[in-house]
Amino acid sequence: MFLSIAWMGAAGQDLEALLEEQMEETTEYTSATFKATRVMNGHSIERMPEGQMDFRISHRFGRVNSGAYEFFGIDQANIHLSLEYGIRDWLMVGVGRGTFEKTVDGFMKFSLLRQSAGARNMPVSVSFMSGAYVNGLRWNDPERDNHFYHRISYAHQLMVARKFSQRFSFQLTPSYLHRNLVETVSDPNDLFALGAGARMKLTSRISFNAEYYYVFTPEDQLLSAEIFNPLAVGFDIETGGHVFQIILTNSVAMRENGIIGFTTGRWIDGDIHMGFNISRVFQLK
Amino acid sequence: MMIITLSLSGQGKFLTNEGSISFYSHTPIEDITALNNEVGAVIDGEKGEVVIIVQMTRFQFEKKLMQEHFNENYVESEKFPRATFNGKITNHETVDYSSKGIYPVLVEGEMTIHGVTRQVSAEGTLEVTENGVVARTEFTLNPEDYDISIPRVVRGNIAELMLITAELSCQSI
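Conventions used here
- Here the residue numbers are simple positions, counted from 1 along each chain's written sequence.
- For naming, the first written chain is A and the first written ligand is 1, with later ones following in the order written.
- For this predicted model, a pLDDT threshold of at least 70 governs which residues receive local features, and a threshold of 80 or more governs which side-chain atom pairs are given and counted, while totals over whole chains, interfaces and linings are taken from all residues.
- The way it works is that DSSP assigns letters per residue, a run of H or I at least four long becomes a helix, a run of E at least two long becomes a strand, and they are numbered from the N terminus.
- Buried, partly exposed and exposed are defined by the number of other C-beta atoms within 10 Å of a residue's own C-beta, namely 20 or more, between the two limits, and 12 or fewer respectively, with C-beta atoms placed from the backbone.
- Once C-beta atoms have been placed from the backbone, residue pairs whose C-beta atoms lie within 7 Å are recorded as contacts.
- A residue's pLDDT is simply how confident the predictor is in it, with values from 0 to 100.
- Under the scheme applied, nonpolar residues are Ala, Val, Leu, Ile, Met, Phe, Trp, Tyr, Cys and Pro; charged residues are Asp, Glu, Lys and Arg; polar residues are all the others, including Gly.
- Should DSSP find at least two bridges between two strands, the strands are regarded as paired.

A word on the environment of E138 of chain B
Residues and elements named next belong to chain B. Of note, E138 is situated in strand β8 (residues 132–141). According to the C-beta neighbour criterion, E138 is partly exposed, with 15 such atoms within 10 Å. On a C-alpha basis, the gap between E138 and F80 in space is 23 Å, while along the polypeptide they are 58 residues apart. Residue contacts for E138: discarding those within four places in its chain leaves L163, I164 and T165.

If you want it as structure tokens, here you go:
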């Protein structure tokens, strides 16, 4: 009698245990390590999913310290427009046009590893990005032997990110930048940088993001313009199909060639640009 | 005693880990559907007990971005990876598991979604087939009941009530 009562009471649990046993262990892939394909200025490990088109409008105003006459930078506008598309869930491409050096750019980014838990355990997500940037400015020295390839620079970035918790993600971004043509002979054609990006979720739709690149400037080579390490802080605000990124940064450029290679502003001097990225996603198939 | 118990429990149980549950939200602006084909369910034919386990990340949406929002902002799948139902077929004595046919059933029990447990009931049918049973049901669910809040900006895109449709083809074990 006693036994049968015990058996009755445990029945629900037994049934659940039985089901548990039958259900195969699944692999849970981490999603939304970052909310957008950019941490702030630079790339995040995220890609556009297959069949989705992202129309991005990025905007940086002038320097805040330019004073009231320039309306604290708002009178000046730098824009970068781009169309970006997910060919596969692991592969995205994008093209864009920006005010900075009248750049036309293209890039591809693909996923190498995805952070996961369960049947398959992977501690980090890894993506790789390659971009090419074509300077569209008129030649500053038309007398020189100018070639089209002089206009081009390339960036390659490896992104390694981990979503530590639902609220916190962190990314390291070793980067390599090559410029076919630089300002003077004393400027390096190649630059290496190590980027770090973080996302801290404040509410389910708002997060605080920060991004920093340490640029390894070769000591034996003089740079014609003094460049500083780019730092950007801001917020991701998500509303359905849009992600707004509100940014404070010392970099006016919005692509890797300019961010890493030509950030001439300095935070402590107040060379800060307000800016935003708007991402609008369309489902194409 | 142990042996008898085991042999008893082996009788009249039906199980699947490929059941399907979908939900549908209709508004004049947008229709949203998502389908999960990896639902685990077990029905005890003797006692009429039912256990269902739904892995939230397995809901497939047409728009991937929506799927991400669903998991990240609405049901918070990392925190609450599963929805479960644990209940009973209240009129289970009317079901004859040995003769094929469709039997109307009423199911009552505890449903847990987003960490919130509620007492629920739904009508459905149980079809006895050659090698198992197929449980079907359709009911509506209000996300607010499970503390899933919908922000005002998308209020017009998401229906107040979700239509849930389930089809669980369980094999006899």
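Overview of the confidence of the model for chain B
Residues and elements named next belong to chain B. This prediction gives chain B a mean pLDDT of 90; 94% of its residues lie at or above 70. For chain B, per-element mean pLDDT is lowest for helix α1 (residues 2–9), which scores 40, and highest for strand β6 (residues 101–113), which scores 96. Predicted confidence for residues 1–11 stays below pLDDT 50, and this span has four contacts to residues more than four positions away or in other chains. Model confidence for the complex is summarised by a pTM of 0.84, with the ipTM given as 0.75.

Overview of the interface of chain B and chain A
Residue-level contacts link 27 residues of chain B with 26 residues of chain A. Secondary structure elements with two or more residues in the side of chain B that touches chain A: α1, β1 (13–26), β2 (31–44), β3 (49–55) and α2 (64–74) of chain B. Ranked by residue count, the leading element in the side of chain B that touches chain A is α2 of chain B, at six residues. A per-class count over the side of chain B that touches chain A returns eight nonpolar, 10 polar and nine charged.

Details of the pairing of strand β9 (residues 162–172) of chain B
Residue and element names in this part refer to chain B. Summarising the sheet, β1 and β9 pair through seven bridges and their orientation is antiparallel. Paired with F23 across the two strands is I164, which belongs to β9. As defined by bridge partners, β8 adjoins β9 across 10 bridges and the pair is classed as antiparallel. Considered in β9, the bridge of A135 is made with L168.

Quick word on α2 of chain B
All names here are of chain B. Listed in full, the buried residues belonging to α2 are M66, H69, F70, N71 and Y74. Against β2 and β4 (60–61) lie the buried residues of α2. Backbone geometry just after α2 places E76 at a positive phi near 50 degrees.

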